[in-house]
Amino acid sequence: DKVNVTMGYPLRNTPLYSLVEGIIQMHENADRLRPDDPGSIYYFRDILNILRHPYVRSLVFSEARELMQEIHEENLVYISPAYFQKYADNDADHLLAFLFRRWTDIGTVIGWFLELYQRLKVHMERGDRQNVPTVETAYLFHFFTLPQKLRDKLDTYALNFDLRIFRRLYRDVLQAGSIPFSGEPLEGLQVMGMLETRTLDFERIILLSVNEGSLPAKPNLSSYIPYSLRKGFGLPTHEDRDAVYAYHYYRLLQRAQEVDLIHNTEP
């Protein structure tokens, strides 16, 4: 009942990230289709990808299914944002009309994302009768704060660039973001990374994924300096990183009474 997770959970592994990625991809492809009139038409595969997302299906299941069937029967390939305004005739706030709204400027896009996260939050709270915080509501909160931080930075430094650069920037921020978890660091189960175990002693240790290539990790230094030059001029190489991990590995096992090493035997 006492768990402490010191490692953050990457936002890029969440279902909400896949929805945001699909939406950004749809608008990027729309710009490639008509560079002279960006965002004027969407490719049908991008639309289907969004309609099949679990969050969208949970909100508008019947309408999403009918729209997918309509696209197949009428053999629609390129679809204008105006095509989805028929849903707004009966309901001005209809999700399908909102999802495929045309993006015009950065301020509109930031407001669009904030509204999307707000809609999902309301839907999750409606489904959770006990109103208990879940992992979904936790990463939804972090998704909600990121556009606000970006907007503050843009206003503070008076940055002005086009939507294409903003989409790339927002994607990079999401890919690098993570959800921090809090718990009891002095007792119970401690879920930690290798470097976070430094100077700590444990009675029982369970090491996951000790396969070759995971511990130590595969050589992957993000640098324009080739290995031979790094070696020749005494710069850090992957051997130095392996030595650091080897030290922490043996240091971690030094005073443990019970150690379980878990590895995968499947190819």
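Cut-offs and rules
- Residues numbered from 1 in each chain as written.
- Predicted model: local features only at pLDDT ≥ 70, side-chain atom pairs only at ≥ 80, totals over all residues.
- Heavy atoms only, no water.
- Helix = DSSP H or I, 4+ residues; strand = E, 2+ residues; numbered from the N terminus.
- Expected span 1.5 Å × (residues − 1).
- Buried < 20%, exposed > 50% of the residue type's maximum accessible area, 1.4 Å probe, protein only.
- Arc of directions from axis to C-beta.
- Contact = heavy atoms within 4.5 Å.
- pLDDT = per-residue confidence, 0-100.
- Core = buried A, V, L, I, M, F, W, Y, C linked by side-chain atoms within 4.5 Å.
- Pairing = 2+ DSSP bridges.
- Phe/Tyr/Trp six-rings, centres within 6.5 Å; stacked < 30°, edge-to-face > 60°.
- Lys NZ or Arg CZ within 6 Å of the ring centre and 35° of its normal.
- Salt bridge = Lys/Arg side-chain N within 4 Å of Asp/Glu carboxyl O.

Moving on: helix α4 (residues 61-73). Taking 1.5 Å of rise per residue, 13 residues should cover 18 Å, and α4 covers 18 Å from first to last C-alpha, within 8% of that figure. Buried within α4 we find Ala64, Leu67, Met68, Glu70 and Ile71. On an axial view of α4, the arc spanned by its buried residues comes to 160°, and they lie on one face. Pointing more than 90 degrees away from the buried face of α4 are the exposed residues Glu66, His72 and Glu73. The elements touched by buried residues of α4 are α2 (44-51), α3 (54-59), β4 (78-79), α5 (86-90) and α6 (95-99). Following α4 by one or two positions, Asn75 has its phi on the positive side, about 55°.

Looking now at the confidence of the model for the protein. Here the protein averages 87 in pLDDT, and 97% of its residues register 70 or above. Across the protein, strand β8 (residues 258-261) holds the top mean pLDDT of 96, while strand β1 (residues 3-5) sits lowest at 82.

Below, the discussion takes up the nonpolar core. Nonpolar side chains in soluble globular proteins tend to be buried together. Grouped together as the largest cluster of nonpolar side chains are 55 residues, with contacts concentrated most on Phe100 and Phe113. Residue contributions to this core peak at 10 residues, all from helix α7 (residues 106-127). Here Phe113 is in contact with Val20, Ile24, Trp103, Pro147 and Tyr170, once residues within four sequence places are set aside. Met194, Ile205, Tyr249 and Leu252 belong to the second-largest nonpolar core, a separate cluster that totals 5 residues.

What follows covers the pairing of strand β7 (residues 204-207). Of the two faces of β7, the one lined by Ile205 and Leu207 is fully buried and the one lined by Arg204 and Ile206 carries no buried residue. Taken together, the 4 bridges between β7 and β8 define a ladder with parallel strand orientation. From the neighbouring strand, Ile205 faces β8, where its bridge partner is Val259.

Right, let's get into the environment of Asn160. On the secondary structure map, Asn160 appears in the loop between α8 (135-157) and α9 (163-176). Along the chain, Asn160 and Ala88 lie 72 residues apart, while their C-alpha atoms are 32 Å from each other.

With that settled, consider the packing of aromatic side chains. In total, this model carries 14 aromatic pairs according to the counting rule given. Their ring planes at 50° and their centres at 4.8 Å tell us that Phe113 and Tyr170 sit as a pair that is tilted. On the criterion of sequence distance, the pair formed by Phe113 in helix α7 and Tyr170 in helix α9 is long-range, its members being 57 residues apart. Measuring from centroid to centroid gives 5.1 Å for Tyr249 and Tyr250, while their planes differ by 75°, and the two rings are edge-to-face. The class of Tyr250 is exposed, set by a relative accessible area of 59%. One aromatic cluster in this structure is built from Phe98, Trp103, Trp112, Phe113, Tyr117, Phe143, Phe166 and Tyr170. Directly above the ring of Phe98 sits Arg119, whose terminal nitrogen or CZ lies 4.5 Å from the centroid.

So, about the pattern of salt bridges. Inspection of every chain in the model, using the stated rule, returns 10 salt bridges. For Arg171, the salt bridge identified is with Glu21, shortest N-O distance 3.0 Å. One end of the pair, Arg171, is in helix α9; the other, Glu21, is in helix α1 (residues 15-33), and 150 residues separate them in sequence. On the basis of relative accessible area, Arg171 is assigned to the buried category, the value being 15%.

Before going further, it helps to examine the environment of Ala64. In this structure, Ala64 sits in helix α4. When the C-alpha positions of Ala64 and Leu195 are compared, they lie 46 Å apart, and in sequence the two are 131 residues distant. Those residues within four positions of Ala64 in sequence are excluded, and the remaining contacts are Leu51 and Leu96.

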